[in-house]
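Working through the structure, step by step
For reference, the chains in residue letters:
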Amino acid sequence: MTLQDKLKDDLKSAMKAKDVTQKDAIRVVMGEMARSDKKQLPDEEIIKILKKLIKSEKEMLEKSGQGESSPFIAIIEAYLPKMATPDEISRWIADNIDFSAYKNKMQAMGTIMAHFGTSADGNTVKQVLQNFSA
């Protein structure tokens, strides 16, 4: 089942259960997805939309002084794939990256991000690389 299909199913379930918070959160996501020209979006594009919505919600909460979390963020984060931990990233780098092929270790970031895709946050990978000792 694609992420888009899961969102549609969960929207129906939320409407039947009269869960206004979940229904509204999913509708926001569906609204963002509707801005695309395509009818069916790949999961990677939907994940980018979800991350963008979470980032903007956190910024809005920060500006208004309401902390960093909300029910909206919790609902949307549930649709994101499990993120790679810094330890997992570090182990993969140790096993797969030959830093002698790069002028500096930060140039390996593209290779690492290509491997992990949407399951790794760029800032986390950057921190791991900066602290990595080969």
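All residue numbers refer to position in the chain's written sequence, counted from 1. For a predicted model such as this one, the threshold for reporting local features is a pLDDT of at least 70, and the threshold for listing and counting side-chain atom pairs is 80 or more; totals across whole chains, interfaces and linings nevertheless cover every residue. For the side-chain quantities, the full set of heavy atoms in the structure was used; hydrogens and water were omitted.

Digging into helix α5 (residues 86-96)
Three labels apply to residues, based on accessible area from a 1.4 Å probe with only protein chains included: buried if under 20% of the type maximum, exposed if over 50%, partly exposed otherwise in between. Strands here are runs of E lasting at least two residues and helices are runs of H or I lasting at least four, both read from the DSSP assignment and numbered beginning at the N terminus. Those residues of α5 not exposed but buried are Ile89, Trp92 and Ile93. Projection of α5 onto a plane perpendicular to its axis shows the buried side chains occupying an angular sector of 100°, all on one side. Seen from the open side of α5, the exposed residues pointing more than 90 degrees away from its buried face are Asp87, Arg91, Ala94 and Asp95. Of the surrounding elements, those touching the buried residues of α5 are α6 (109-116) and α7 (122-131). The arc under discussion is defined with respect to the helix axis, by the directions toward the C-beta atoms. Note on contacts: a residue pair qualifies if any of its non-hydrogen atoms lie within 4.5 Å across the two residues.

A few points about a positive patch on the surface
Where like charges cluster on the molecular surface, the positive patch consists of Lys8, Lys12, Lys16 and Lys39. Considering the arrangement of structural elements, one finds lysine 16 in helix α1 (residues 3-16). Judged by its relative accessible area of 73%, lysine 16 is exposed. Residues enter patches when their relative accessible area tops 30% and they take part in no salt bridge; the joining distance is 9 Å for like charges and 5 Å for the nonpolar side chains Val, Leu, Ile, Met, Phe, Trp and Tyr. Computed by Shrake-Rupley with a 1.4 Å probe, the accessible areas treat only the displayed protein chains as cover when residues are assessed. The term salt bridge refers to a pairing of a side-chain nitrogen on Lys or Arg with a carboxyl oxygen on Asp or Glu at a separation within 4 Å. Only four residue types enter the tally: Lys and Arg on the positive side, Asp and Glu on the negative side; His and the chain ends are excluded. For the purpose of locating charges, the reference atoms are NZ of Lys, CZ of Arg, CG of Asp and CD of Glu.

Things to note about the environment of aspartate 10
By the secondary structure assignment, aspartate 10 is in helix α1. Taking the C-alpha atoms as reference points, aspartate 10 and alanine 108, separated by 98 residues in sequence, lie 39 Å from one another. The contact partners of aspartate 10, leaving out residues within four places of it in the chain, are Gln22, Ile26 and Tyr79.

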